[in-house]
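# Chains, contacts and geometry: an overview
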Amino acid sequence: MTDAPAPPTAPVPPAPWPDKPLDLLVIGAGFSGLAMAIRARQSGIDDLLVVEKADGVGGTWHENTYPGAACDIPAHLYALSFAPKPDWSRTYAGQPEIAAYLRDLVDRFDLGRHLSLSTAVTGAVWDGARALWRVETDRGPLEARVLVSGMGALHHPALPAIPGLHTFLGSLFHTSGWDHGVDLRARRVGIIGTGASAIQVVPAIAPEVGHLTLFQRTPPWVMPRNDRPIGPRMQALFRRLPAARRALREVQFRVREARAALGFIRVSRLTRLAEAASRHHLRRQVADPALRARLTPPYRLGCKRVLISDDFYPALARPNVTLETDPIRTVTPDGVTMADGRHHPLDVLVLATGFDVTASLARVPVVGRDGLILARAWGERVAAHRGVALAGFPNFFMLLGPNTGLGHNSVVLMIEAQVEYVLACLAEMRARDLSAIEPTPEAQARDLADLEARLAGSIWQQGGCASWYQDAAGRNVALWPGTVLAYQRAMRVPDWSEFVLTPARGRTRAAQES
Ligand code: NAP
């Protein structure tokens, strides 16, 4: 059998539905939303609600329960700095352990009374006269002075435009919606895609399926993973001596930072060295030169996300696994037909085809000042001031917004930098008695120009590949083009000259005038 899905969240009694404007409404209870809620509570904001469309907390780690799902960042580095967990069981934690960690945060920080699960936001409109957000959800309307989106970007499955896909009569599902009711034993299973999700699924299910056909369009660069269990003695040490855990985390952080600092965001000598290391990994694990050739990427390492795995290549050498590298012509009711007419009969077809980032970000219609629609404001290019705030959208903040994802280090560090930035904005609102805060268009444009300068000539543009990091025009709109330290520096203290600050009395005047 495949991995069991994560156990359902322990029932959290729904928070009482607010009947007056909230100080803070957070959308999403993944890493971002939970971090925001915890730190807001700790900074004295108690009138807050987190709404989550799913029936449990955890975001991507709640949804992605596919066999083999795990994180590519070491667990100690992937945890929130203010909510450490000394007893991670492995260097790289699996999905069940990460999901349990996130569920545990609800009890640990007493978030239950601030949490409304199975509540999908369907739209949000800024009410300038009252200086608050009017938010529609499928449980009813809400109002909030400040709206923070922790919606994330990787939850809208990208379904491939392959002719006949929906004529397939076997089991068909995306990795993020794994159907655990389907018994894979002795079945003919096809997987489309060779990204981070697929290369975890393949070794996890290959031993149990009858036959596995992996449909590869572009081979990934793969590096060794070196995953190890963390035994009870180390766990006890980390429990007794937090400094040891912090030191390990710091080393893990610095090693990854060095990669960005040393210039992995450009094609360089280091790119060649890393490519050589990856080819060595491939040579050691795949004996057949023809198979190796088909697994050798035709673009520069770092252009797409670099994957880490010790068991993906060996799984491909199994007698019950076929790597198919020709283009797919069509999906038929009983399998997949290749461009040259060869047919793979299948019982199960898994789409490991990733996520539609643009659709994820624009999923909820958000209408800002003067009727400005977020999707339209992003017509030219998806962008935000520091990746967090948007001109024309007062009191609205995004966590893990445009160009703040990472390929080289723990994205949790980015989330924390953003949460503190938002809290600094909220503290300033309280200190100066402001009704609204938003970045100036000029500051946002300067920020974007700076970003574009950093991105010019970067490996995502020059590396010879296409990836989900890019928009339709080929621009990287997903990743931060620098070190985490550089981002943390940029986020440490907001520069108030970059913001329009509206005093609360302005709100009163506007209300009286209207
Ligand atoms: P992904 O990286 O976008 O990979 C999608 C795969 O599907 C690619 O191999 C792509 O091929 C292929 N594909 C898409 N459309 C296709 C089509 N029409 N025909 C054939 N092949 C097609 O998606 P993912 O693997 O789900 O990963 C998404 C992101 O989630 C990752 O980059 C990472 O940020 C995160 N993630 C992280 C982990 C982890 O930490 N271990 C695990 C899973 C996901 P091309 O390359 O040719 O486009």
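Residues numbered from 1 in each chain as written. Predicted model: local features only at pLDDT ≥ 70, side-chain atom pairs only at ≥ 80, totals over all residues. Heavy atoms only, no water.

The name an unreviewed UniProt entry assigns to the chain is 4-hydroxyacetophenone monooxygenase, from the organism Methylobacterium platani.

## Considerations on the overall build of the chain
Regarding its fold elements, the chain presents 17 helices and 20 strands. Taken over C-alpha atoms, the radius of gyration comes to 24 Å for the chain, in line with the 24 Å a tight globule of 514 residues would show. Over its C-alpha atoms, taken along the principal directions, the chain stretches across nearly 75 × 50 × 50 Å. Counting over 514 residues, the chain shows a buried share of 55%. Counting only contacts in the chain whose residues sit at least 6 apart along the sequence, the fraction spanning at least 24 positions is 73%. When the accessible surface of the chain is split by element, carbon and sulfur atoms take 55% of a total near 21500 Å². Side chains of the chain carry 57 positive and 49 negative charges; the gap between the two charge centres is 7 Å. (Helix = DSSP H or I, 4+ residues; strand = E, 2+ residues; numbered from the N terminus. Rg over C-alpha atoms; globule rule 2.2 N^0.38 Å. Buried < 20%, exposed > 50% of the residue type's maximum accessible area, 1.4 Å probe, protein only. Contact = heavy atoms within 4.5 Å. Areas by Shrake-Rupley, 256 points an atom, 1.4 Å probe, with all protein chains shown as cover. Lys, Arg positive; Asp, Glu negative; His and termini not counted. Charge placed at Lys NZ, Arg CZ, Asp CG, Glu CD.)

## As for the sheet that holds strand S9 (residues 211-215)
The strand order across the open sheet built from 5 strands is S7-S16-S8-S9-S12, with neighbouring strands paired in parallel fashion. Of all the strands in the sheet, the pair left with one neighbour each is strand S7 (171-174) and strand S12 (321-324). Going from strand to strand, the sheet's axes swing by 15° on average, the running direction of each strand aside. Here strand S8 (residues 188-192) pairs with strand S16 (residues 348-351) via 4 bridges, running parallel. Bridge pairing links Ile191 to Val350 in S16. Where helix H5 (residues 198-205) meets the sheet, it contacts S8 and S9, and its direction lies at approximately 165° from that of S8. (Pairing = 2+ DSSP bridges. Axes fitted to C-alpha atoms, helices over the stretch in contact; angles between N-to-C directions.)

## A word on the state of the cysteines
Summed over all chains, the structure comprises 1 disulfide. Covalent S-S linkage joins Cys303 and Cys465, the inter-sulfur distance amounting to 2.0 Å. Here the S-S torsion is close to -90°, and the disulfide linking Cys303 with Cys465 is therefore left-handed. One end of the pair, Cys303, is in the loop between helix H9 (289-294) and strand S11 (307-308); the other, Cys465, is in the loop between helix H15 (459-462) and helix H16 (484-492), and 162 residues separate them in sequence. Side by side, Cys303 and Cys465 carry an identical accessibility label, which is buried. (Disulfide = S-S within 2.5 Å.)

## Examining the pairing of S8
With 4 of 5 residues buried, S8 lies mostly within the body of the structure. In the sheet, S8 pairs with S9 via 5 bridges, with the strands oriented parallel. Each bridged residue has a counterpart across the sheet, and for Ile191 the counterpart in S9 is Leu214. Regarding the hand of the β-α-β motif, the stretch spanning S8, H5 and S9 is right-handed. (Right-handed = clockwise from strand over helix to strand, strands pointing away.)

## Some words on the sheet that holds strand S14 (residues 335-338)
Within the open sheet, the 3 strands sit side by side as S13-S14-S15. Their pairing is antiparallel. On the outer flanks of this sheet lie strand S13 (328-332) and strand S15 (343-345), each paired with one strand and no other. Each strand of the sheet is rotated relative to its neighbour by a mean of 20°, with strand direction disregarded. As defined by bridge partners, S14 adjoins S15 across 3 bridges and the pair is classed as antiparallel. In the sheet register, Gly335 faces S15, and the bridge partner there is Pro345.

## A short note on the packing of helix H6 (residues 232-240) against helix H7 (residues 242-261)
For the pair H6 and H7, the least separation of the axes is 4 Å and the interaxial angle reads 105°. Between H6 and H7, the crossing angle belongs to the class labelled roughly perpendicular. Contacts from Leu237, Phe238, Arg239 and Arg240 in H6 reach Pro242, Ala244, Arg245 and Leu248 in H7. Split into classes, the residues belonging to the contact of H6 with H7 amount to 5 nonpolar, no polar and 3 charged. (Parallel < 35°, antiparallel > 145°, perpendicular 65-115°, else oblique. Nonpolar A, V, L, I, M, F, W, Y, C, P; charged D, E, K, R; others polar.)

## Here's the deal with helix H1 (residues 31-42)
Along an α-helix, residues three or four apart share an orientation, since each turn contains 3.6 residues. Here H1 is 12 residues long and its end C-alpha atoms lie 16 Å apart, about the 16 Å a rise of 1.5 Å per residue gives. Burial analysis of H1 places 10 of its 12 residues in the buried class, which makes it a mostly covered element. Along H1, the positions that sit buried rather than exposed are Phe31, Ser32, Gly33, Leu34, Ala35, Met36, Ala37, Ile38, Arg39 and Ala40. One or two positions beyond H1, positive phi appears at Gly44, with a value near 100°. (Expected span 1.5 Å × (residues − 1).)

## Brief notes about the site of the ligand
Within the structure, the ligand sits among 22 residues, and Asp72, Thr194, Ser197, Thr218 and Lys304 are positioned closest to it. At 2.7 Å from an oxygen atom of the ligand is found a side-chain nitrogen or oxygen belonging to Lys304. The backbone of Ala352 places a nitrogen or oxygen atom 3.3 Å from an oxygen atom of the ligand. Look at the ligand: alone it shows 920 Å² of surface, and the protein chains cover 83% of it. When residues are assigned to domains, the shell around the ligand turns out to be shared by domain 1 (22-155 + 356-513) and domain 2 (165-221 + 265-351), each giving three or more. (Near = heavy atom within 4 Å. Polar contact = N/O pair within 3.5 Å; in protein donor to acceptor, adjacent residues only side chain to side chain. Domains from an automatic or database assignment.)

## Structural notes on the pairing of strand S1 (residues 22-27)
The buried fraction of S1 is high, at 5 of 6 residues. In the sheet, S1 pairs with strand S6 (residues 140-149) via 5 bridges, with the strands oriented parallel. If you follow Leu22 over to S6, its bridge partner there is Ala144. With 4 bridges joining them, S1 and strand S2 (residues 48-51) adopt parallel strand pairing. Of the residues in S2, the one forming a bridge with Leu24 is Leu48. Where the polypeptide runs from S1 across H1 and back to S2, its parallel neighbour, the crossover connection is right-handed.

## A look at the environment of Arg381
Relative to the helices and strands, Arg381 resides in the loop between helix H12 (374-377) and strand S18 (396-398). The buried category is assigned to Arg381, whose relative accessible area is 6%. In this structure the C-alpha to C-alpha distance between Arg381 and Leu400, which are 19 residues apart in sequence, comes to 16 Å. Apart from residues lying up to four places away in sequence, Arg381 is in contact with Asn403, Leu448, Leu451, Glu452, Leu455, Asp471, Arg475, Asn476 and Val477. At 2.8 Å, the side chain of Arg381 and the side chain of Glu452 are in polar contact.

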